[in-house]
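Okay, here's what each chain looks like letter by letter:
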Amino acid sequence: MSLRLCSLAIAATLVCQVVLSGGTAAEPKGYRPGASGLGDPYFPSLGNDGYDARHYDLSLSYNPGTSALEGVATISAKATQNLSSFSLDLRGLHVSKVRVNGRTASFRRGDAKIFITPRHGIPNKTRFTVEVRYDGVPQPLGGPIVDDSKYGWLKTDDGVFTTGEPNATSTWMPCNDYPTDKATFDFRIKVPKGLTAISNGRLAGSREANGQVTYTWRGHRPMATYLATVTIGKFSTRSGRTPRGVPLYIAYDQNLPAGQLDFYKITSAATDYWTQLFGPYPFEETGAVVDSVPGVSYALETQTKPSYAVPVRHEHTIAHEIAHQWFGNSVTVRQWKDIWLNEGFATYAQWLWADRTGTKPVEKAFREVYEGAPPEFWDIVVGDPQRDTMFADAVYRRGAMTLHVLRKEIGDRPFFALLKAWAQEHRYENGDTRQLIALAEKISGRQLDGLFRTWLFTKGRPPLGS
Ligand code: TRP
Ligand code: ZN
């Protein structure tokens, strides 16, 4: 086909692109590449619109001596259009082979992507599998988003600690790296004997062969990619159940002195307390992974088991990360600009925890921020905080204040009913600010757009009583 012919019609242009990107034959009419990039205002290039990932099966092998990761990712997906080609997010790393439905597929690397062209187009609504073999040394991300900390795949003295939010899971596994494409995940992780590998879901077994141990973890509840995690190192583990019966798994870095904080006890108590307040625990297990990570002092609500870099030593951080299992992990933001729905809720939970334990009444926590926050705190528009300040203090604390103002406006019973209904109505799915406002109005029978406009979308410190 000549280039001139190609430019004659849009359909022909698309066919032409397929050919140029390595397709072996022109597809039947109506097949086109899945749009690369879902158009998130903060991360426009993340994700692909042409398919829905259903399940990830990861076989990883990690060598702490060389830092090299080898992986085979088998992804089960369903086409959401007639698909001639599609992309997966993968940043760095070397891809050696791609198969689609068992047959070798051509691929090329783009900026943080693998563009894959199967031999045959995939009809809309049909299921297919993609297998990607890859290897390399994953590189963490940095910059302003997470407070100038490194995040992603982080080396520790005895292994690895991973934190994916918002865009770093694709630095160590190929995926559709966007919160609206949830899937289930199985991980098989092979490490030298003596090390433990921990991931999301429940431990399904470990098998030793030739001085290596393979740990299998299964997560059968939908999970957003940014919540995927692999931790490797020398760990002491303890498992059991919370008093209300939720399975509990705690891994504690063996090189750490026994902490002042009892992760087992507090994780157990927080899981049960939030169950009473927010509704049934959404996942198959609760827990914690406590690791020592040079230069890092944060925690992430990785699904089923939050990951704590050790300088995190406050009970309220555990309460925060466990609350994220409902708000963030089960009900997940639809776009990253809605991040206050994760952080404002988890921070409000943290305040509820401090209130419950007699440390500080919620009203006092609110007052302290209202009176004590520096002027620049009030410059962040919490409902759309912009990419580089998406985890700014105000997203957490003004987000929590918004919920407190709402609670005072509508009363305790409707407010706590709203928290439960929000967790229930969007369980394992996504939600946005507009939907939260609509639900709050429905439950309270009040008109609340003014309150939310003032607290989420207007710069400056709101007057009280508005
Ligand atoms: N969501 C984390 C919290 O609990 C903050 C966070 C965002 C984070 N991105 C991260 C932590 C990356 C570690 C790494 O508030
Ligand atoms: Zn948080």
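Reading guide: rules and limits
- Residues numbered from 1 in each chain as written.
- Chains lettered and ligands numbered in written order.
- Predicted model: local features only at pLDDT ≥ 70, side-chain atom pairs only at ≥ 80, totals over all residues.
- Heavy atoms only, no water.
- Pairing = 2+ DSSP bridges.
- Helix = DSSP H or I, 4+ residues; strand = E, 2+ residues; numbered from the N terminus.
- Near = heavy atom within 4 Å.
- Polar contact = N/O pair within 3.5 Å; in protein donor to acceptor, adjacent residues only side chain to side chain.
- Areas by Shrake-Rupley, 256 points an atom, 1.4 Å probe, with all protein chains shown as cover.
- Nonpolar A, V, L, I, M, F, W, Y, C, P; charged D, E, K, R; others polar.
- Core = buried A, V, L, I, M, F, W, Y, C linked by side-chain atoms within 4.5 Å.
- Buried < 20%, exposed > 50% of the residue type's maximum accessible area, 1.4 Å probe, protein only.
- Contact = heavy atoms within 4.5 Å.
- Domains from an automatic or database assignment.
- Buried area = accessible area lost by both parts, 1.4 Å probe.
- Salt bridge = Lys/Arg side-chain N within 4 Å of Asp/Glu carboxyl O.
- pLDDT = per-residue confidence, 0-100.
- Axes fitted to C-alpha atoms, helices over the stretch in contact; angles between N-to-C directions.
- Donors = N, O, S within 2.8 Å, 3.2 Å for Na, K, Ca; no water.
- Expected span 1.5 Å × (residues − 1).

Draft legend 1. Molecular detail of the sheet that holds strand β8 (residues 127–136). Taken together, the 8 strands give an open sheet; going across it, the order is β5-β4-β8-β2-β1-β11-β14-β13, and neighbouring strands pair in mixed fashion. Looking at strand neighbours, the two that pair on one side only are β5 (103–104) and β13 (202–209), the edges of this open sheet. Across 12 bridges, the pairing between strand β1 (residues 51–63) and strand β2 (residues 68–79) is antiparallel. Residue Leu-60 lies in a different strand from β2, and its bridge partner there is Gly-71.

Draft legend 2. Just the site of ligand 1, in detail. The environment of ligand 1 is made up of 14 residues, and the closest members are Glu-165, Glu-301, Glu-321, Glu-343 and Tyr-396. Measuring from an oxygen atom of ligand 1, one finds a side-chain N or O atom of His-320 at 3.4 Å. One of the side-chain N or O atoms of Tyr-396 is found 2.7 Å from an oxygen atom in ligand 1. Computed on the free molecule, ligand 1 has an accessible area of 360 Å², of which 95% lies beneath the protein chains in the complex. Counting residues per element, the ones that place at least two in the shell around ligand 1 are β19 (299–300) and α4 (315–323). Residue composition of the shell around ligand 1, grouped by class: 7 nonpolar, 3 polar and 4 charged.

Draft legend 3. Focus on the environment of Ala-438. Structurally, Ala-438 can be placed in helix α9 (residues 433–444). For the pair Ala-438 and Thr-129, spaced 309 residues apart in sequence, the C-alpha separation works out to 39 Å.

Draft legend 4. Layout of the nonpolar core. Ranked by size, the top nonpolar core spans 146 residues in total, and within it Phe-187 and Trp-274 carry the most contacts. Sequence-distant contacts of Trp-274, defined by excluding residues within four places in its chain, comprise Gly-279, Ala-319, Ile-322, Ala-323, Trp-326, Ala-349, Leu-352 and Trp-353.

Draft legend 5. Molecular detail of the domain arrangement of the chain. Considered domain by domain, the chain is made up of domain 1 (28–224), domain 2 (234–330) and domain 3 (332–457). For domain 2 and domain 3, the distance between their C-alpha centres works out to 22 Å. At the interface, 25 residues of domain 2 touch 23 residues of domain 3. Roughly 1900 Å² is buried in total at the junction of domain 2 and domain 3, and carbon and sulfur atoms are behind 63% of that figure. Counting the surface domain 2 buries against domain 3, the share from its top three residues, His-320, Phe-327 and Ser-330, is 30%. Counting across the interface, domain 2 meets domain 3 through 0 salt bridges. Seen at the junction of domain 2 and domain 3, the total is 10 residue pairs in polar contact (both at pLDDT 80 or more). Counting only elements with at least two residues in the side of domain 2 that touches domain 3, the list comes to α3 (263–278) and α4. Tallying contributions element by element places α3 first for the side of domain 2 that touches domain 3, with 8 residues.

Draft legend 6. Highlighting the confidence of the model for the chain. With 94% of its residues at a pLDDT of 70 or more, the chain has an overall mean of 93. In this model, residues 1–24 is a region of pLDDT below 50 whose contacts with residues beyond four sequence positions or in other chains number 21 contacts.

Draft legend 7. Structural context of the pattern of salt bridges. The final tally for this structure, using the stated rule, is 20 salt bridges. Across the salt bridge formed by Asp-412 and Arg-407, the nearest N and O atoms sit 2.9 Å from each other. Look at Arg-407 and you get buried, because its relative accessible area is 16%. Measuring nitrogen to oxygen at the nearest pair gives 2.4 Å for the salt bridge that ties Glu-409 to Arg-446. Separated by 37 residues along the polypeptide, Glu-409 in helix α7 (residues 393–410) and Arg-446 in the loop between α9 and α10 (449–457) bring together distant segments of the chain. Judged by its relative accessible area of 35%, Arg-446 is partly exposed.

Draft legend 8. Summary view of the environment of Val-293. Tracing the backbone shows Val-293 in the loop between β18 (286–291) and β19. As a C-alpha pair, Val-293 and Gly-164 span 129 residues in sequence and 15 Å in three-dimensional space. Look past the residues within four positions of Val-293 in its chain and what remains in contact with it is Leu-154, Thr-156, Phe-161 and Ala-309.

Draft legend 9. The arrangement of the sheet that holds strand β7 (residues 113–117) in detail. Reading across from one edge, β3-β7-β6 is the order of the 3 strands in this open sheet, with antiparallel pairing throughout. Every other strand in the sheet has two partners, leaving β3 (86–89) and β6 (106–110) as the edge strands with one partner each. Direction aside, neighbouring strands of the sheet carry axes that sit 25 degrees apart on average. Across 5 bridges, β6 lies against β7 in antiparallel orientation. Residue pairing for β7: Phe-107 is matched across the bridge by Ile-116.

Draft legend 10. Representation of the coordination of the zinc ion (ligand 2) in the model. Those protein atoms acting as donors to the zinc ion (ligand 2) are His-320 (NE2), His-324 (NE2) and Glu-343 (OE), and they sit at 1.9 to 2.0 Å. The motif formed by the donor residues of the zinc ion (ligand 2), counted along the single chain, is H-x3-H-x18-E. With His-324 in the loop between α4 and β21 (332–333) and Glu-343 in helix α5 (residues 340–356), this pair connects stretches of sequence that are 19 residues apart. Using a relative accessible area of 0% as the deciding quantity, one classes His-324 as buried.

Draft legend 11. Structural view of the pairing of strand β15 (residues 230–233). Residues of β15 alternate between two faces, with Val-230 and Ile-232 on one and Thr-231 and Gly-233 on the opposite face, all of them buried. As defined by bridge partners, strand β12 (residues 196–199) adjoins β15 across 4 bridges and the pair is classed as antiparallel. Looking at the pairing, Thr-196 lines up with Gly-233 of β15.

Draft legend 12. View of α5. Relative to the 24 Å expected for 17 residues at 1.5 Å per residue, α5 spans 23 Å between its end C-alpha atoms, a close match to the ideal helical length. Most of α5 is tucked away, with 15 of its 17 residues classed as buried. Backbone geometry just after α5 places Gly-358 at a positive phi near 80 degrees.

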